[in-house]
Amino acid sequence: SMNIKKITTGSRNLDELLGGGIETKTITELFGEFGSGKTQICHQLSVNVQLPEDKGGLEGKAVYIDTEGTFRWERIEQMARGVGLDPDEVMKNIYWIRAINSHHQIAIVDKLFTMVKNDNIKLVVVDSVTSHFRAEFPGRENLAMRQQLLNRHLHQLMRLADIFNVAVVITNQVMARPDVFYGDPTQAVGGHVLGHAPGVRVYLKKSRGNKRIARVVDAPHLPEGETVFAITEWGIRD
Ligand code: ADP
Ligand code: MG
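Nothing here was measured: the structure is a model prediction, and the numbers come from that model. (Residues numbered from 1 in each chain as written. Chains lettered and ligands numbered in written order. Predicted model: local features only at pLDDT ≥ 70, side-chain atom pairs only at ≥ 80, totals over all residues.)

### Considerations on the overall build of the chain
To keep things clear, this is the line we draw: Going along the chain from the N terminus, every DSSP run of H or I of four or more residues is numbered as a helix, and every run of E of two or more is numbered as a strand. In this setup the radius of gyration rests on C-alpha atoms only. A globule is expected at 2.2 Å times the number of residues raised to 0.38. Exposure classes come from backbone-placed C-beta atoms, where a residue is buried if 20 or more other C-beta atoms lie within 10 Å of its own, exposed if 12 or fewer do, and partly exposed in between. We call two residues in contact when the distance between their C-beta atoms, placed using the backbone, is within 7 Å.
Regarding its fold elements, the chain presents seven helices and eleven strands. Rg of the C-alpha trace for the chain: 17 Å, near the compact-globule value of 18 Å for 238 residues, within the 12% margin. Taken along the three principal axes of its C-alpha coordinates, the chain extends 50 × 40 × 35 Å. Burial statistics for the chain: of 238 residues in total, 42% are counted as buried. Across the chain, every contact between residues at least 6 apart in sequence was considered, and the portion connecting residues at least 24 apart equals 69%.

### Examining the site of ligand 1
How we decide: For each residue, a C-beta position is placed from the backbone atoms; the residue is near a molecule or strand when that point lies within 6 Å of it. Classification used: nonpolar for Ala, Val, Leu, Ile, Met, Phe, Trp, Tyr, Cys and Pro, charged for Asp, Glu, Lys and Arg, polar for all others including Gly.
The full set close to ligand 1 counts 13 residues, and Ser36, Lys38, Thr39, Gln40 and Ile231 are the nearest of them. Of all the secondary-structure elements, those providing two or more residues to the shell around ligand 1 are α2 (38–48) and β10 (226–232). No other element matches the three residues that α2 contributes to the shell around ligand 1. Tallied by class, the residues present in the shell around ligand 1 amount to two nonpolar, eight polar and three charged.

### As for the pairing of β10
The side chains of a regular strand alternate between the sheet's two faces. We apply this condition: One bridge is not enough; two strands pair if DSSP finds at least two bridges between them.
Note: strand β9 (residues 211–217) against β10, five bridges, orientation antiparallel. Bridge assignment links Ala214 to a residue of β10, and that residue is Thr227. Where β10 lies against strand β11 (residues 235–237), three bridges are found, and the strand directions are antiparallel. Note that in β11 the partner of Ile231 across the bridge is Ile236. Between β10 and β11, which pair antiparallel and follow one another directly, the connecting turn spans two residues.

### Brief notes about the nonpolar core
The criterion, for reference: By our criterion, buried Ala, Val, Leu, Ile, Met, Phe, Trp, Tyr and Cys residues that link up through C-beta atoms within 7 Å make up a nonpolar core.
One finds Leu123, Val125, Val168 and Val169 to be the most contacted residues of the largest nonpolar core, which totals 57 residues. What Val168 contacts, discounting residues up to four positions off in sequence, is Ile27, Val124, Leu157, Leu160 and Ala161.

### Describing the pairing of strand β4 (residues 61–66)
By the criterion of burial, β4 is predominantly enclosed, with five of the six residues buried. Judged from the six bridges that link them, β4 and strand β6 (residues 121–127) form a sheet pairing that is parallel. From the neighbouring strand, Asp66 faces β6, where its bridge partner is Asp127. Relative to strand β5 (residues 94–98), β4 is paired through five bridges, and the arrangement is parallel. When the sheet's bridge partners are listed, Ala62 is paired in β5 with Ile94.

### Here's the deal with the UniProt feature "binding site: ATP" (unreviewed entry) in the chain
For the record, the criterion: UniProt positions are given in the numbering used here, feature names are shortened, and annotations may be inferred rather than shown by experiment.
UniProt tags Gly32, Glu33, Phe34, Gly35, Ser36, Gly37, Lys38 and Thr39 as "binding site: ATP" (unreviewed entry). Mapped onto the elements, Glu33 comes out in the loop between β3 (27–32) and α2.

### A word on helix α7 (residues 143–164)
Note the threshold: Helix span is expected to be 1.5 Å times the residue number reduced by one. The directions from the helix axis to the C-beta atoms form the arc being described.
The end-to-end C-alpha separation of α7 is 31 Å, in line with the 32 Å expected for 22 residues at 1.5 Å each. Regarding α7, the residues found buried are Leu150, His153, Leu154, Leu157, Leu160 and Ala161. Down the axis, α7 shows its buried residues gathered within 110° of arc, on one side only. Among the exposed residues of α7, those pointing more than 90 degrees away from its buried face are Ala144, Met145, Gln148, Arg152, His155 and Ile163. Considering only its buried residues, α7 is in contact with β3, α5 (102–117), β6, α6 (131–136) and β7 (167–173). Backbone geometry just after α7 places Asn165 at a positive phi near 55°.

### Some details on the confidence of the model for the chain
Regions with low pLDDT should not have their predicted coordinates read in detail. This is how the line gets drawn: Confidence of the prediction at every residue is given by pLDDT, a number between 0 and 100.
Mean pLDDT for the chain: 92, with 92% of residues reaching 70 or above. Looking over the chain, one finds the lowest element-wise mean pLDDT in strand β8 (residues 200–206), namely 93, and the highest in α2, namely 99. The low-confidence segment residues 178–182, where pLDDT is below 50, has four contacts with residues more than four positions distant or belonging to other chains. Quick note on the complex model: pTM equals 0.95, ipTM equals 0.99.

### Things to note about the sheet that holds β8
For sheets, the rule is that strands pair by backbone hydrogen bonds, running either parallel or antiparallel. As a reminder, the rule being used: All axes here are fitted lines through C-alpha atoms, helices being fitted over the stretch that makes contact, and every angle between N-to-C directions spans 0 to 180 degrees.
Strand order across the open sheet formed by nine strands is β5-β4-β6-β7-β3-β8-β9-β10-β11, with mixed pairing between neighbours. At either end of the open sheet lies a strand with only one pairing partner, and these are β5 and β11. If you compare each strand with its neighbour and ignore which way they point, the axes differ by 25° on average. The sheet contacts of α7 involve β3, β6 and β7, and relative to β7 the element is tilted by about 155°.

Written as structure tokens, this is what we have:
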């Protein structure tokens, strides 16, 4: 549609893979093993969304829903300097919200409808979308209930993205070993939480040193393939 906009990731390679960057009106799921760069990309996008449009931003604010306690203001400061923005200004334009359990996480997203309506928020991050749900609904016997709650939560996030033309980015940690499955499709490699719901799924994988590999899966509108990006002191780069 005409008013879909894009936020740069900081890596030209990754932007190209995504058809120009992370899209508004859509959920983008970053999934991959521990240390694959999900949280780093979320930090970078919270900074980059504030850039002017000709620099790949939307001149907007970010909401960062942190479920694992891995958000770091120091990292935001570094990344702000990395793109030539004033760190203090950048930090003011990020609303960091720590979600303590799945119930809280759901309630926060419900409240965002009013918040986003009345403020210039252009990015909503949920990092990670699955951790509380997995901890609170463990095992196969709870899988159906967990999936039902998670699907409703994802549906709310999709409505938020669609109604207010914001980018929604969610993260989901999956097992490093494809041979370990445990009967839980959302924990297997390739088992992204979005399922067949609309959105973009990006699989992230560790490579040598600070290099990471990204692959877009199940996206009919994007070309198949992988790309390489790096996590540097200044943020996400080629
Ligand atoms: P996850 O996918 O588990 O969320 P992260 O996004 O937290 O992974 O990525 C962690 C990696 O990011 C670390 O292993 C490190 O290589 C890199 N990293 C984190 N902070 C910095 C930094 N200040 N400078 C350079 N690299 C960093
Ligand atoms: Mg993380």
